[in-house]
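Residue-level listing of the chains:
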Protein chains: 2
Amino acid sequence: MRVSTRGEYGVRAMFDLALHSGAGPIALKTIAERQMISEHYLEQLMAALRKAGLVKSRRGAQGGYQLAHEPENVSIGQIIRVLEGPITPLDCLDTHTGTGPYCQTPDRCVLRNLWKELQDSMKQVLDNTTLEDLKQDAYRLEVTEGQ
Amino acid sequence: MRVSTRGEYGVRAMFDLALHSGAGPIALKTIAERQMISEHYLEQLMAALRKAGLVKSRRGAQGGYQLAHEPENVSIGQIIRVLEGPITPLDCLDTHTGTGPYCQTPDRCVLRNLWKELQDSMKQVLDNTTLEDLKQDAYRLEVTEGQ
DNA sequence: TCAATTCCTACGGATTTAGTCGGAAATGAA
DNA sequence: TTCATTTCCGACTAAATCCGTAGGAATTGA
């Protein structure tokens, strides 16, 4: 039931980009240092995010990465799916065809419903939280922090 | 974000015991056959469930396993915790001491809140569903199935 | 031209997953 | 008692996944 470092780091990196958006491309090295993530490892994650269209990149000097869309249009669920695959507690939930052993008997279908409920509750959180929401949270934290 | 076969099989086995509760011990072999799970593998899972006090066993001929508590007093969350460990998307959420890199800066705390929300939503489903709930579901399925 | 930076492929060690194997100990029935 | 049944226990393992590392090619701005 864990998010791997791929998902965790990926969200951190995207959140970092969101916080610093609008100021041109940000070098991988900068993100890696700020977020304390191995540069080479993060590179792989950014490659996946780029191929999925969530970030755009510019090579060469002064190059780097930036969000491909506005923070309010990027959900955490999107990021997780790119880096961890489908959001599901059991693979057969999404690829379900009816022939698997999971739904051959009524009692197994009961369990299927259970896992589906779990899946829905996870999606509910991840798909309804955007990078903009997190930015707002960060702003709120910073304001109240100084008091 | 997946439940491993330990959790999946464990829930299946416990649900099987719940459906057949009150009729004395049920042999591992029977459960394994009904649920299509490797006998030896299931044995390991039952050992963990027994040590955790969720099932009780009787050795020897006519021996087997039965639930240690009434189905309404056993949640899916309990089963999952025994077989998969704490229900948490990130290990640091539960073992958090404040010294980890996750909460040294406000922006990281924002992410912590995100993962906590996800954790809560997972717990909400798993801790509020009992074996008795599943039995009820199974009964309902069986009734409507014949129509 | 050159330093900075992304892009790409391959490799590798550690851990986890999903079991298997073999036998000891306990129990009920004949 | 004897025996088949059944749990209990520890060790082993093949494969997959996780979490990176290494090295260099290609691109870009100054």
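Notes on the structure in this doc start here. (Residues numbered from 1 in each chain as written. Chains lettered and ligands numbered in written order. Predicted model: local features only at pLDDT ≥ 70, side-chain atom pairs only at ≥ 80, totals over all residues. Heavy atoms only, no water.)

### Considering the pairing of strand S1 (residues 55–58) of chain A
Residues and elements named next belong to chain A.
Move 1: Where S1 lies against strand S2 (residues 64–67), four bridges are found, and the strand directions are antiparallel. Paired with serine 57 across the two strands is tyrosine 65, which belongs to S2.
Move 2: With antiparallel pairing between neighbouring strands as the criterion, S1 and S2 make up a hairpin whose turn holds five residues, including glycine 60 at a positive phi of roughly 80°. (Pairing = 2+ DSSP bridges. Helix = DSSP H or I, 4+ residues; strand = E, 2+ residues; numbered from the N terminus.)

### Regarding the environment of alanine 13 of chain A
All names here are of chain A.
Move 1: Within the fold, alanine 13 resides in helix H1 (residues 5–19).
Move 2: Assessed through its relative accessible area of 0%, alanine 13 is described here as buried.
Move 3: Remark: the alpha-carbon pair of alanine 13 and isoleucine 37, spanning 24 residues in sequence, is separated by 9.0 Å.
Move 4: Dropping the residues within four chain positions of it, alanine 13 is found in contact with Ile31, Leu42 and Met46. (Buried < 20%, exposed > 50% of the residue type's maximum accessible area, 1.4 Å probe, protein only. Contact = heavy atoms within 4.5 Å.)

### A short note on the nonpolar core
Move 1: One finds Met14, Ile79 and Trp115 of chain A together with Ile79, Trp115 and Leu131 of chain B to be the most contacted residues of the largest nonpolar core, which totals 82 residues.
Move 2: Setting aside residues up to four positions removed in sequence, isoleucine 79 of chain A forms contacts with Gly10, Val11, Met14, Leu49, Leu54, Val74 and Leu131 of chain A. (Core = buried A, V, L, I, M, F, W, Y, C linked by side-chain atoms within 4.5 Å.)

### Overview of the protein's contact with DNA strand C
Move 1: Taken together, 24 residues form the shell around DNA strand C, and within it Leu28, Glu43 and Ser57 of chain A together with Ser38 and Arg59 of chain B come nearest.
Move 2: A distance of 3.1 Å separates a sugar or linking oxygen of DNA strand C from a polar atom in the side chain of arginine 59 of chain A.
Move 3: At 3.4 Å from a sugar or linking oxygen of DNA strand C is found a main-chain nitrogen or oxygen belonging to glycine 60 of chain A.
Move 4: Secondary-structure elements contributing two or more residues to the surface near DNA strand C are helix H3 (39–51), S1 and S2 of chain A together with helix H1 (5–19) and helix H3 (39–51) of chain B.
Move 5: Its residues placed into classes, the surface near DNA strand C shows seven nonpolar, 12 polar and five charged. (Near = heavy atom within 4 Å. Polar contact = N/O pair within 3.5 Å; in protein donor to acceptor, adjacent residues only side chain to side chain. Nonpolar A, V, L, I, M, F, W, Y, C, P; charged D, E, K, R; others polar.)

### Let's talk about the protein's contact with DNA strand D
Move 1: In the vicinity of DNA strand D, 25 residues are found, and the nearest of them are Ser38, Gln44 and Arg59 of chain A together with Glu43 and Ser57 of chain B.
Move 2: Near the protein, within 4 Å, the atoms of DNA strand D are sugar or phosphate in 64% of cases.
Move 3: At 3.1 Å from a phosphate oxygen of DNA strand D is found a side-chain nitrogen or oxygen belonging to tyrosine 9 of chain A.
Move 4: In the model, a sugar or linking oxygen of DNA strand D is placed 3.3 Å from a nitrogen or oxygen of the arginine 59 of chain A side chain.
Move 5: Those elements that provide at least two residues to the surface near DNA strand D are H1 and H3 of chain A together with H3, strand S1 (55–58) and strand S2 (64–67) of chain B.

None of the figures reported here should be taken as evidence of function without further support.
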